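Close look at the chain arrangement
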Amino acid sequence: MKTAMKRYIQQVFFIGAILVFAGCKKDDFQPEESFVKIYNDSEGNKKYVPLGIQQTADQGYVMLSAYDGWNIHVMKTDKVGEVVWRKTLPSNYVNATNLVKHGGSYYVVCMDNVGLFTYLLQIDETSGTINEIQNFSGIIYPTYAYSNGTTIYIQNYDRLSYKTGIHQLDPSLTSVAQSGEVNIMTSVEDRIVDHITYDGKRIPFFVSSTPENDYVVMSCFYNYSFSLVFLNSNLQFSGVYNGANFNGGVNAILPKGNSQYAVARFSYDNQYFNANASLNPTSVDIAESISASGYSELNPDKPVVVRSLSIGGVFYVVMAASTRSNQLLLSFFDPYSGALKGTKYVGQNTPYSIGDFTKTEDGGLMLLVQAKVMGSYDRIATVKLSDEQLAELLE
């Protein structure tokens, strides 16, 4: 069975590589410009859920994934996607929230498997070691981590007070500088446990901040709903766009400045995008009031990733999502008008779900994907698109 699966993965890679390379016109094509990789595992029954990717200084990539529930896997590849090292973390470290780049280093915020408190781990991309920087006994059930370049924030759920917490770390990353919280009014521990153990619905938690650094923005549980909450620089409540109980809300956001945001929101079984929404950080409103275009082909239970990307010297808002037919849909929008400028579907024979993506130093795009091999094996995969392929989409 393992031999058959390995042969299948090699065939998928070979076919996928041909399809990717066929879109490139350069005579001096370099192998790092476009490729498809599906990463096998010697233990065939492991199930992987990719969570985050960042390009490293040597043009390689560091990737964070969950496996077999809430266990943690970290992998480093070179610039052509070949594995340099891969690590599974000790069993006391579970529930990795996402991959954080801060001050030129890479961090993982995760949880103790018994005490439920939070760890901050640092990845040494060169040696492949992962070191514990600090643990925070007062922060239980971490749900997301974010760096604005100067400060790291950690979102969590407080099971005793039924509140969502937000915590700003001090520059040393060893203590909490300030905290804020918002009331949920009810216990959501069952939903949190399903989320962190991968035994039920995954919840699109996130934290971000405005370019002016005057507001912290987070999607979280608040006031009997999954809501988009705005906090001022002191982490005090400022405003909210309430979700439809737990069946709707904002699942991805990109603050662009001057109260303009690229927003992905969901409502029950539907997904909506607006690449240039005006939001008032001091209002009390509902998420469904945010004007957006519906995308019925998208799976609302899968993540949506929003980034700003320069292609040929022109900036675009790029939204990556998973379709109901198990492809990836990349949508490119004008950041000023919000107009759709181009789309690309990725995946055909192998089912794909988006995990994350990052722009690359050479102007391309690196997608981190969950690939379902032979209909049974959930594997980590990467798809690299070149700058020329992206430019062709937008001609």
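Report on the accompanying structure.

1. Focus on the sheet that holds strand β4 (residues 71-77)
- Taken together, the four strands give an open sheet; going across it, the order is β2-β3-β4-β5, and neighbouring strands pair in antiparallel fashion. With one partner strand each, in any of the chains shown, β2 (48-55) and β5 (83-88) form the two edges of the open sheet. Between one strand axis and the next, the sheet turns by 15 degrees as a mean value, whatever way the strands run.
- Note: strand β3 (residues 61-67) against β4, seven bridges, orientation antiparallel. Note on β4: the bridge partner recorded for Leu64 is Val74.

2. Quick notes on the pairing of strand β27 (residues 340-346)
- Bridge count between strand β26 (residues 328-333) and β27: six bridges; the pairing is antiparallel. Pairing of Phe333 across the sheet is with Leu340, part of β27.
- With antiparallel pairing between neighbouring strands as the criterion, β26 and β27 make up a hairpin whose turn holds six residues, including Gly338 at a positive phi of roughly 80 degrees.

3. Considerations on the pairing of strand β11 (residues 142-147)
- Among the six residues that make up β11, five are buried, leaving the element largely enclosed by the rest of the structure.
- The sheet contact formed by β11 and strand β12 (residues 152-158) spans five bridges and is antiparallel. Directly across from Ala145, in β12, lies its bridge partner Ile154.
- The turn linking β11 back onto β12 is made up of four residues, and Gly149 within it adopts a positive phi angle of 105 degrees.

4. Here's the deal with the side chain of His167
- Within the element layout of this structure, His167 appears in strand β13 (residues 163-169).
- For His167, a relative accessible area of 11% translates into the label buried.
- Sequence-distant contacts of His167, that is, excluding residues within four places in its chain, are made with Ile139, Ile152, Tyr153, Ile154, Asn156, Val176, Gln178 and Ser179.

5. A closer look at the nonpolar core
- Leu330, Phe332, Tyr352, Leu365, Leu367 and Val383 are the most contacted members of the largest nonpolar core, which totals 26 residues.
- Those elements that provide at least two residues to this core are β1 (35-39), β24 (305-311), β25 (314-322), β26, β28 (352-359), β29 (365-373) and β30 (377-385).
- If you tally residues by element for this core, the top one is β29, at five residues.
- Not counting chain neighbours up to four residues away, the residues in contact with Leu367 comprise Leu328, Leu330, Val346, Ile354, Asp356, Phe357, Ala381, Thr382 and Val383.
- In this structure, Leu64, Tyr93, Leu121 and Tyr198 belong to the second largest nonpolar core, which totals 19 residues.

Thresholds, definitions, all that
Residues numbered from 1 in each chain as written. Predicted model: local features only at pLDDT ≥ 70, side-chain atom pairs only at ≥ 80, totals over all residues. Heavy atoms only, no water. Pairing = 2+ DSSP bridges. Helix = DSSP H or I, 4+ residues; strand = E, 2+ residues; numbered from the N terminus. Axes fitted to C-alpha atoms, helices over the stretch in contact; angles between N-to-C directions. Buried < 20%, exposed > 50% of the residue type's maximum accessible area, 1.4 Å probe, protein only. Contact = heavy atoms within 4.5 Å. Core = buried A, V, L, I, M, F, W, Y, C linked by side-chain atoms within 4.5 Å.

Everything listed here is a matter of geometry and, on its own, says nothing about what the molecule does.
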